[in-house]
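Close look at the chain arrangement
Here's the letter readout for the chains.
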Amino acid sequence: MKEVTKEVYLKWYEDMLLWRKFEDKLAALYIQQKVRGFLHLYNGQEAVLAGALHVMDLSKDKMITAYRNHVQPIGMGVDPKAVMSELLGKVTGTSKGMGGSMHIFSKEKGFFGGHGIVGAQIPVGAGIAFADQYFNTGGVTLTYFGDGAARQGSLHETFNMAMLWKLPVVFIVENNGYAMGTSVERTANHSDIWKLGLGYEMPCGPVDGMNPVKVAEAMHEAIDRARRGDGPTFLEMKTYRYRGHSMSDAQLYRSKEEVEEYKKIDPITQVLDVIKDQKYATDEEIEAINEKVKALVEECATFADEAAFPEVQQLYDVVYEQKNYPFIPHKL
């Protein structure tokens, strides 16, 4: 695994802080009704992404996830202004303003969504991995889903095929303790989701999803296994979300005390503590990072707010690849 150096810690801090503040801004814009529909925030789970990105090869590896999908594309190199624009429904967005919160995509950067149907991305992720295997690209697909989606039947069908064909895929359940509002303990007769891999003899195990170093170590082993042709891995990232399932979630199923307890192991704070303990940066340098992130978030918000909404004609132009498709009118 690549060494976790001073530069890595500083990058982790800046990246995770950007992701956190970016979504805090989205929450504010949602309250202003500039972001419509649903909004599922990643606050608290940033270490799962930071650790994975440290060991991925972004020139050929790919990622697919559920609808809590705003910061992953930023981490993979998508312009955050385009992501913000998509959430505001603007033509400058990643899906030209037509996907919204749940459907962020970037084929160029290897990010394949953003899926609103619970668990739908699990078999799709295996399909992307099958394509890499078929065309011998050397790429590995990271397929993320939540603890609620782990109870979908499609997971078992996918696990079986992935092991049978030794697909270059890593399955990752981000177990933040709750689905929409149902605790993991109430969804099955066991709470160790990683054990679902045992029935398929798939390498599997739990990971501290609040620590990017632990995530990177586990992901490095899993990606390496997939890349050398030995098949998939199933990892359970034990993490926590500080906000509700979505912005409309009253969070009546958990206490404020529980949330505050988990904030004591905030992944951003953990990284910042290492930076300070190891003297990787002065207080002034840390403050400079904070100001840089704040300015970038405001730049994204201003860009998205000032961008145009799509024209009505776009509804027709982006549906079919064939320009002279015979079953739709060409002139409105």
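Below or above, wherever it landed, is the structure these notes cover. Bear in mind the structure is a predicted one, so any value in this text is a computation, not a measurement. (Residues numbered from 1 in each chain as written. Predicted model: local features only at pLDDT ≥ 70, side-chain atom pairs only at ≥ 80, totals over all residues. Heavy atoms only, no water.)

**Some words on the overall build of the protein**
Looking only at helices and strands, one finds eleven helices and five strands in the protein. Principal axes of the C-alpha set define a box for the protein whose edges measure 60 × 55 × 40 Å. When each of the 332 residues of the protein is scored for burial, the buried share is 49%. Here the contacts in the protein between residues at least 6 apart in sequence split such that 73% fall between residues at least 24 apart. Counting only carbon and sulfur atoms, one obtains 53% of the accessible surface of the protein, whose full area is about 15900 Å². Considering the protein, the positive charge centre built from 37 side chains and the negative charge centre built from 45 side chains are found 3 Å apart. (Helix = DSSP H or I, 4+ residues; strand = E, 2+ residues; numbered from the N terminus. Buried < 20%, exposed > 50% of the residue type's maximum accessible area, 1.4 Å probe, protein only. Contact = heavy atoms within 4.5 Å. Areas by Shrake-Rupley, 256 points an atom, 1.4 Å probe, with all protein chains shown as cover. Lys, Arg positive; Asp, Glu negative; His and termini not counted. Charge placed at Lys NZ, Arg CZ, Asp CG, Glu CD.)

**Regarding the pattern of salt bridges**
Within the structure shown, the criterion is met by 19 salt bridges. Between Arg 225 and Glu 221 there is a salt bridge, with the nearest N and O atoms lying 3.3 Å from each other. Taken as a pair, Arg 225 and Glu 221 lie in helix 7 (residues 212-227) at a separation of four residues, close to a single helical turn. Note on Arg 225: relative accessible area 13%, which makes it buried. Accessibility expressed as a relative area gives 48% for Glu 221, which makes it partly exposed. (Salt bridge = Lys/Arg side-chain N within 4 Å of Asp/Glu carboxyl O.)

**Let's talk about the nonpolar core**
Tyr 13, Trp 19, Met 63, Leu 142 and Met 219 are the most contacted members of the largest nonpolar core, which has 62 residues in total. With 13 residues, the top contributor of residues to this core is helix 1 (residues 6-31). Discounting residues that sit within four places of it in the chain, Leu 142 has contacts with Ala 52, Met 56, Lys 62, Met 63, Ile 64, Val 170, Ile 172, Met 219 and Ile 223. In this structure, Ala 150, Leu 167, Val 169 and Phe 234 belong to the second largest nonpolar core, which totals 19 residues. (Core = buried A, V, L, I, M, F, W, Y, C linked by side-chain atoms within 4.5 Å.)

**Quick look at the packing of aromatic side chains**
This structure, assessed with the given rule, holds twelve aromatic pairs. Ring geometry for Phe 130 and Tyr 134: centres 6.2 Å apart, planes at 35°, overall tilted. One end of the pair, Phe 130, and the other, Tyr 134, are both in helix 5 (residues 121-135), four residues apart, so they sit about a helical turn from each other. Judged by its relative accessible area of 61%, Tyr 134 falls in the exposed class. Between the aromatic rings of Tyr 178 and Tyr 253, the centroid separation amounts to 4.9 Å while the plane-to-plane angle is 45°, which identifies the pairing as tilted. Of this pair, Tyr 178 sits in the loop between strand 3 (169-175) and strand 4 (204-208) while Tyr 253 sits in the loop between strand 5 (233-238) and helix 8 (256-263); the two residues are 75 residues apart in sequence, bridging distant segments of the chain. When its relative accessible area of 24% is taken as the criterion, Tyr 253 is described as partly exposed. An aromatic cluster is built from Phe 145, Phe 159, Phe 171, Tyr 200 and Phe 234, whose rings are joined through pairwise contacts. The residue whose ring lies beneath Lys 90 is Phe 309, and the NZ or CZ to ring-centre distance is 4.7 Å. Over the face of the ring belonging to Tyr 242 we find Lys 263, whose NZ or CZ atom lies 5.9 Å from the ring centre. (Phe/Tyr/Trp six-rings, centres within 6.5 Å; stacked < 30°, edge-to-face > 60°. Lys NZ or Arg CZ within 6 Å of the ring centre and 35° of its normal.)

**As for the sheet that holds strand 2 (residues 141-146)**
One open sheet accounts for five strands, arranged 1-2-3-5-4; its pairing is parallel. What marks the edges here is a single partner per strand, and that holds for strand 1 (62-64) and strand 4. Averaged over all pairs of adjacent strands, the angle between strand axes in this sheet comes to 25°, irrespective of strand direction. Pairing of strand 4 with strand 5 involves five bridges; the strand directions are parallel. Each residue of the ladder has a partner; that of Cys 204, found in strand 5, is Phe 234. With respect to the sheet, helix 2 (residues 46-55) is in contact with strand 1, strand 2, strand 3 and strand 5, its orientation differing from that of strand 2 by roughly 170°. Against the sheet, helix 5 makes contact with strand 1, strand 2 and strand 3, and its axis sits at roughly 175° relative to strand 2, the strand it touches most. (Pairing = 2+ DSSP bridges. Axes fitted to C-alpha atoms, helices over the stretch in contact; angles between N-to-C directions.)

**Some remarks on a nonpolar patch on the surface**
A cluster of nonpolar residues, Met 98, Val 312, Leu 315, Tyr 316, Val 318, Val 319 and Tyr 320, forms a patch on the protein surface that exposes about 610 Å² of accessible area. Take Tyr 316: it is sitting in helix 11 (residues 314-317). (Patch = residues over 30% accessible without salt bridge, like charges linked within 9 Å, V, L, I, M, F, W, Y side chains within 5 Å.)

**Let's talk about the pairing of strand 4**
Of the two faces of strand 4, the one holding Gly 205 and Val 207 is buried and the one holding Cys 204, Pro 206 and Asp 208 is not buried anywhere. You can see the chain leave strand 4, run along helix 7 and come back into strand 5, and the turn it takes is right-handed. (Right-handed = clockwise from strand over helix to strand, strands pointing away.)

**Structural notes on the environment of Lys 21**
Along the chain, Lys 21 falls in helix 1. By relative accessible area, Lys 21 is classed as partly exposed at 41%. In this structure, the C-alpha to C-alpha distance between Lys 21 and Glu 7, residues 14 residues apart in sequence, is 21 Å.

**Quick word on the packing of helix 5 against helix 6 (residues 153-165)**
Contact geometry of helix 5 with helix 6 gives a least axis separation of 9 Å together with a crossing angle of 15°. With respect to each other, helix 5 and helix 6 are oriented roughly parallel. The two elements helix 5 and helix 6 cross, and the hand of that crossing is left-handed. Where helix 5 approaches helix 6, its residues Ile 122, Pro 123, Ala 126, Phe 130 and Gln 133 are matched on the opposing element by Ser 154, Leu 155, Thr 158 and Trp 165. Residues that form the contact of helix 5 with helix 6 fall into these classes: six nonpolar, three polar and no charged. (Parallel < 35°, antiparallel > 145°, perpendicular 65-115°, else oblique. Left-handed = near helix turned anticlockwise from the far one by under 90°. Nonpolar A, V, L, I, M, F, W, Y, C, P; charged D, E, K, R; others polar.)

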